[in-house]
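# Residue-level structural notes
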Amino acid sequence: MKIFIILGTRPEIIKMSPVIRECIKKKLNFSILHTNQHYSENLDKIFFKELNLSKPKYNLNVGSGTHAEQTASILVGVEKILLKEKPEIVLVLGDTNTVLAGALATAKLHIKVGHIEAGLRSYYREMPEEINRILTDHCSDLLFAPTKKAKGILLSEGILSKNIFVTGNTVADAVFQNLKLAEKKSKILEKFHLFKRGYFLMTAHRAENVDNKGRLKEILKGAKLISKKFSLPIIYPVHPRTRKMLKKFKLKVPKDINLIEPLGYLDFLKLENNTKLILTDSGGMQEEGCIMKVPCVTLRDNTERPESIEVGSNLLSGTNSSRILKCVSKMLNKNRRWKNPFGSGKTAEKIIKIIQKDEKK
Ligand code: UD1
Ligand code: UDP
């Protein structure tokens, strides 16, 4: 059986790495195509190096562009390569433009699509990822839902039960495979003169937040309020999209917020594991906080990861600055004894077993 893995952005590289490891461990015939939707060293190559992943066989060098430009170039590029490679199954993970275009090109060639992280819904259609999730799920053959809740969503949309598998999320595998190493190797706390629980870690990069001047300004104001109230610094590894928008909107970043360049996975895991609290609009960080028992406040009005809210590791604050502060205070008063709903770190193994079983049908 020939497995073909498509990835293109930071979270896909990180969360697909356990699947790649499992393919290597089981000596499977697999190839990787990188769309290069992300291409900056610290959003791309650094993760291949740190996670010991070999160079992808194919690289589409798609880069940045409008949604149509990105999606269209990936569709054209993936189709050409799949016609040559003829794999039995293509795996995609998550909800980016890379995922939708990869899945669509594959389905149209009547090749099986396996969607990892299927069944997530924010029910907010202005979020580009929401369209990508829905369409990808509906052209997939094997849907790897992280939780029972995600499976329920897929069933409610008419997807057949026999095609849905509750596997957990590979984000947990990635955390468990790398956290010890991160704690041992990373010197990031020393580099920024930080100590355990003595800082807040923040990221914000979602288009609906950072491409909107009012929302971005309120997020910065919220961070400033938190820093003041708790007399602790905010560390903010800033996504290039946000860096670009801060410049475009001529927004001044309060001095209590330390804007730093995006970090590699090991440094970042260490920062996450030792922070007092995570402030974010990232999908993956809501999961990672929950897995690592670090409280999270999500700078959004909705989430496709409701499990984290239900177990008590996460609160939705939206972007209003005083609401952000209230949510942070509330989360800090809670205990950290919630259950991790995203799996015990065996998701990749489960996924590969399901694929192998499916091949024999
Ligand atoms: C994309 C995904 C988002 C995911 C995020 C992970 C879509 C629709 N969005 O958002 O779901 O959460 O990746 O980080 O697929 N840029 C660089 N270097 C890079 C990549 C981007 O400088 O390597 C800058 C460019 O100015 C670009 C902007 O960031 O225009 C946005 O990049 P893009 O890939 O369109 O979307 P992301 O915001 O990264
Ligand atoms: N991450 C990282 N360095 C950073 C910021 C994030 O390694 O500077 C990791 C983080 O641990 C998580 C993933 O990147 O695994 C999340 O990516 P992102 O927030 O870009 O995307 P999303 O999860 O929102 O799709």
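The structure contained in this document is the topic of the report that follows. Since the structure is predicted, the reported quantities are computational estimates derived from the model, not experimental observations.

### A word on the site of ligand 1
- In the region of ligand 1, 18 residues are neighbours, and His38, Tyr39, Ser40, Glu129 and Arg206 sit closest.
- Separating an oxygen atom of ligand 1 from a side-chain N or O atom of Glu129 is a distance of 2.5 Å.
- Taking 740 Å² as the accessible area of ligand 1 by itself, protein coverage stands at 88%.
- Looking at the shell around ligand 1, the elements with two or more residues in it are helix 3 (67-85) and helix 11 (240-248).
- Per element, the largest residue contribution to the shell around ligand 1 is three residues, and it comes from helix 11.
- Residue composition of the shell around ligand 1, by class: three nonpolar, ten polar and five charged.

### A few points about the pattern of salt bridges
- Tallied over the full model, the rule gives 25 salt bridges.
- Across the salt bridge formed by Lys15 and Glu117, the nearest N and O atoms sit 2.6 Å from each other. Taken as a pair, Lys15 in helix 1 (residues 10-25) and Glu117 in the loop between strand 5 (112-116) and helix 5 (128-138) lie far apart in primary sequence, 102 residues in all. Side by side, Lys15 and Glu117 carry an identical accessibility label, which is buried.
- A salt bridge links Glu183 to Lys270; its shortest N-O distance comes to 3.9 Å. Of this pair, Glu183 sits in helix 7 (residues 170-185) while Lys270 sits in helix 12 (residues 265-274); the two residues are 87 residues apart in sequence, bridging distant segments of the chain.

### Points about the site of ligand 2
- Around ligand 2, a shell composed of 17 residues is seen, among which Arg10, Leu263, Ser282, Gly284 and Glu288 lie nearest.
- In this structure, an oxygen atom belonging to ligand 2 sits 2.8 Å away from a side-chain N or O atom of Arg10.
- One of the backbone N or O atoms of Gly283 is found 2.9 Å from an oxygen atom in ligand 2.
- In isolation ligand 2 exposes 530 Å². Once the protein is present, 95% of that is buried.

### Some remarks on a positive patch on the surface
- A grouping of Arg323, Lys326, Lys330 and Lys334 is seen on the molecular surface, where their side chains present a positively charged patch.
- Owing to a relative accessible area of 59%, Lys326 belongs among the exposed residues under this scheme.

### Structural notes on the sheet that holds strand 1 (residues 2-7)
- Taken in spatial order, the seven strands make up an open sheet running 3-2-1-4-5-6-7, and their pairing is parallel. Strands at the two margins of the open sheet, each flanked by one partner only, are strand 3 (58-59) and strand 7 (164-166).
- Examined bridge by bridge, strand 1 and strand 4 (residues 89-93) share three bridges and lie parallel to one another. Each residue of the ladder has a partner; that of Ile3, found in strand 4, is Ile89.

### Topic: unusual backbone geometry
- In the Ramachandran plot, Lys27 falls in the positive-phi region, its phi being about 50° despite a non-glycine side chain.
- Within the element layout of this structure, Lys27 appears in the loop between helix 1 and strand 2 (29-34).
- A residue is classified by how much of its surface remains accessible, and Lys27, at 75% relative accessible area, is exposed.
- With phi around 50°, Lys250 is a residue other than glycine that occupies positive phi space.
- Considering the arrangement of structural elements, one finds Lys250 in the loop between helix 11 and strand 10 (257-260).

### A few points about the packing of aromatic side chains
- This model, assessed by the stated rule, comprises three aromatic pairs.
- Ring centres of Phe4 and Tyr58 lie 6.1 Å apart, and the angle between their planes is 45°; on these two criteria the pair is classed as tilted. With a gap of 54 residues between them, Phe4 in strand 1 and Tyr58 in strand 3 connect regions that are remote in the sequence. Both residues of the pair, Phe4 and Tyr58, count as buried.

### Some points on the sheet that holds strand 10
- Overall, parallel pairing links the six strands, which are arranged 10-9-8-11-12-13 in an open sheet. Sheet topology places strand 10 and strand 13 (314-316) at the edges, where each strand pairs with a single neighbour. Averaged over all pairs of adjacent strands, the angle between their axes in this sheet comes to 20°, without regard to strand direction.
- Bridging between strand 9 (residues 234-237) and strand 10 involves four bridges; their strand directions are parallel. When the sheet's bridge partners are listed, Tyr236 is paired in strand 10 with Leu259.
- Packed onto the sheet, helix 10 (residues 213-230) meets strand 8 (200-203), strand 9, strand 10 and strand 11 (277-280) and runs at close to 180° relative to strand 8.
- Sitting on the sheet, helix 15 (residues 321-332) touches strand 8, strand 11, strand 12 (296-298) and strand 13, and the angle it makes with strand 13 is about 160°.

Thresholds applied
Residues numbered from 1 in each chain as written. Chains lettered and ligands numbered in written order. Predicted model: local features only at pLDDT ≥ 70, side-chain atom pairs only at ≥ 80, totals over all residues. Heavy atoms only, no water. Near = heavy atom within 4 Å. Polar contact = N/O pair within 3.5 Å; in protein donor to acceptor, adjacent residues only side chain to side chain. Areas by Shrake-Rupley, 256 points an atom, 1.4 Å probe, with all protein chains shown as cover. Helix = DSSP H or I, 4+ residues; strand = E, 2+ residues; numbered from the N terminus. Nonpolar A, V, L, I, M, F, W, Y, C, P; charged D, E, K, R; others polar. Salt bridge = Lys/Arg side-chain N within 4 Å of Asp/Glu carboxyl O. Buried < 20%, exposed > 50% of the residue type's maximum accessible area, 1.4 Å probe, protein only. Patch = residues over 30% accessible without salt bridge, like charges linked within 9 Å, V, L, I, M, F, W, Y side chains within 5 Å. Lys, Arg positive; Asp, Glu negative; His and termini not counted. Charge placed at Lys NZ, Arg CZ, Asp CG, Glu CD. Pairing = 2+ DSSP bridges. Phe/Tyr/Trp six-rings, centres within 6.5 Å; stacked < 30°, edge-to-face > 60°. Axes fitted to C-alpha atoms, helices over the stretch in contact; angles between N-to-C directions. Contact = heavy atoms within 4.5 Å.

Keep in mind these values describe shape, not function.
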